[in-house]
Amino acid sequence: MGRSRRTLPEELLLLALDPATGTTAQPQSLDLGLAGAQLVELALAGRIAPDGDRIAVVMPRPTGDPTLDSALELLRRRGSPVRAVHWIGGPRLGLRQTYLSHLERCGMVHAVEGQMCGVLPTTRYQATETAISREIRARLDSAIRTGVPPDPRTAALAALAHAVGLGKHLYPGNEGRSSRSRLRDLIRHDPMGGLVAHAVMDVQNGVGAQPRRGSGAGGGGRTAMPMQPQSRSGSMARVVAH
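Here goes a summary of the coordinates provided.

What counts and what doesn't
Residues numbered from 1 in each chain as written. Predicted model: local features only at pLDDT ≥ 70, side-chain atom pairs only at ≥ 80, totals over all residues. Heavy atoms only, no water. Helix = DSSP H or I, 4+ residues; strand = E, 2+ residues; numbered from the N terminus. Buried < 20%, exposed > 50% of the residue type's maximum accessible area, 1.4 Å probe, protein only. Contact = heavy atoms within 4.5 Å. Axes fitted to C-alpha atoms, helices over the stretch in contact; angles between N-to-C directions. Parallel < 35°, antiparallel > 145°, perpendicular 65-115°, else oblique. Nonpolar A, V, L, I, M, F, W, Y, C, P; charged D, E, K, R; others polar. Core = buried A, V, L, I, M, F, W, Y, C linked by side-chain atoms within 4.5 Å. Expected span 1.5 Å × (residues − 1). Arc of directions from axis to C-beta. Polar contact = N/O pair within 3.5 Å; in protein donor to acceptor, adjacent residues only side chain to side chain. Pairing = 2+ DSSP bridges. Salt bridge = Lys/Arg side-chain N within 4 Å of Asp/Glu carboxyl O.

What follows deals with the overall build of the protein. For the protein, the count of helices and strands is 10 helices and five strands. With 242 residues in all, the protein has 48% of them scored as buried. For the protein, the proportion of contacts with a sequence separation of at least 24, taken over those separated by at least 6, is 65%.

Printed below as a string of structure tokens:
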């Protein structure tokens, strides 16, 4: 997989990064979104494909991206298609920190060390390649404002951004309501992105144990349950990303 193009997990993380604070919006749901974004990226690379509400490996050959290949190998070891909601809801220790560190090595972000309450060490991240961040945002804005069906990559990014709750971060306030609504509507333009986005929302709503019925997001009458605790390595112990 060529490195001239950012992967969906990288793009989702850059979208979530607040340029003013150096923290990430929606950190808990973002971790789920990054796992889901890996699935979409692997599907775009032809390595996996949807099988109903499950994910099947169709080509186990590595992509050349170590983080994606680790996910691909884990999927391959399952031996049979796995439900997207179970995969996304599984433990992903340090996934956000892995991608932040990768973006730092690529020169996309710069780590700023600090302290919380004068005692706890923290690390905040400032985007350095702002042109790339602007290009990612511009793709979403164009899809929202023009109404032209976006390419699968942009549609999947929009679906994931909506699923993890980035709408209010990207399009805040009352003036952003129509844009948030159109962001949500873009979920229908990419089947894989839609499948993964719905799975992310199902995990957040605590309905991963039941089979999905229909294609609606969230589903009426579902009872929200608390998110499972996130990893204490990296982003919880050292990185301020909330």
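The next point concerns the packing of helix 1 (residues 8-16) against helix 6 (residues 130-146). Direction vectors running N to C along helix 1 and helix 6 enclose 95°, while the axes themselves pass 10 Å from each other. Classed by the angle they form, the pair helix 1 and helix 6 counts as roughly perpendicular. Contacts between helix 1 and helix 6 involve Glu11, Leu14 and Leu15 from the first element and Ser133, Ile136, Arg137, Arg139 and Leu140 from the second. When its residues are assigned to classes, the contact of helix 1 with helix 6 shows four nonpolar, one polar and three charged.

Turning next to the nonpolar core. Within the largest apolar cluster, 60 residues are counted, with the highest numbers of intra-cluster contacts made by Leu39 and Leu166. Residue contributions to this core peak at eight residues, all from helix 2 (residues 27-44). Excluding its chain neighbours within four sequence positions, the residues that come into contact with Leu166 are Leu12, Leu15, Ala16, Ala25, Gln26 and Ala161.

What follows covers the packing of helix 2 against helix 3 (residues 66-78). Contact pair helix 2 / helix 3: the axes reach a minimum separation of 10 Å and the direction vectors enclose 90°. Judged on the interaxial angle alone, helix 3 and helix 2 are roughly perpendicular. For the pair helix 2 and helix 3, the contacting residues are Gln38, Leu39, Glu41 and Leu42 in the first and Thr67, Leu68, Ala71, Leu72 and Leu75 in the second. Along the lines of polarity and charge, the residues of the contact of helix 2 with helix 3 split into six nonpolar, two polar and one charged.

With that out of the way, let us pick up helix 3. Here helix 3 is 13 residues long and its end C-alpha atoms lie 19 Å apart, about the 18 Å a rise of 1.5 Å per residue gives. Restricting attention to buried positions, one finds in helix 3 the residues Leu68, Asp69, Ala71, Leu72 and Leu75. When helix 3 is viewed along its axis, its buried side chains cluster within an angular range of 160° and face the same direction. Looking at helix 3, the residues exposed on the side facing more than 90 degrees away from the buried face are Pro66 and Arg77. Those residues of helix 3 hidden inside the fold are in contact with helix 2, strand 1 (48-51), strand 2 (54-57), strand 3 (82-83), helix 4 (84-89) and helix 5 (95-105). One side-chain oxygen of the residue at the start of helix 3 lies 3.1 Å from the amide nitrogen of Thr67, identifying that residue as Asp65. Directly after helix 3, the chain includes Gly79, whose backbone phi takes a positive value near 80°.

Let us now look at the sheet that holds strand 3. Taken in spatial order, the three strands of this open sheet run 1-2-3, and their pairing is antiparallel. Both outer strands of the open sheet, strand 1 and strand 3, are each paired with one neighbouring strand and no more. When strand 2 meets strand 3, the two strands line up antiparallel, connected through two bridges. The residue of strand 3 that forms the bridge with Ile55 is Val82. On the sheet, helix 3 packs against strand 1, strand 2 and strand 3 and is oriented at approximately 95° with respect to strand 2.

Here we take up the pattern of salt bridges. Scanning the entire structure with this criterion turns up 10 salt bridges. Close ionic contact of Arg83 with Asp53 constitutes a salt bridge, the shortest N to O distance being 3.3 Å. Placement of the pair is Arg83 in strand 3 and Asp53 in the loop between strand 1 and strand 2, with a sequence separation of 30 residues. Judged by its relative accessible area of 24%, Asp53 falls in the partly exposed class. Between Glu73 and Arg77 there is a salt bridge, and its shortest N-O distance comes to 3.1 Å.

Below, the discussion takes up helix 10 (residues 191-204). Look at helix 10: 20 Å from first C-alpha to last across 14 residues, which is about the 20 Å you get at 1.5 Å a residue. For helix 10, the buried fraction is high: 12 of the 14 residues fall into the buried class. Taken together, the buried positions of helix 10 are occupied by Met192, Gly193, Gly194, Leu195, Val196, Ala197, His198, Ala199, Val200, Met201, Asp202 and Gln204. Close packing links the buried residues of helix 10 with helix 2, strand 1, strand 2, helix 4 and helix 7 (152-163). Of the residues flanking the end of helix 10, it is Gly206, one or two places downstream, whose phi is positive at about 70°.

Function cannot be inferred from these measures alone, as they are strictly geometric.
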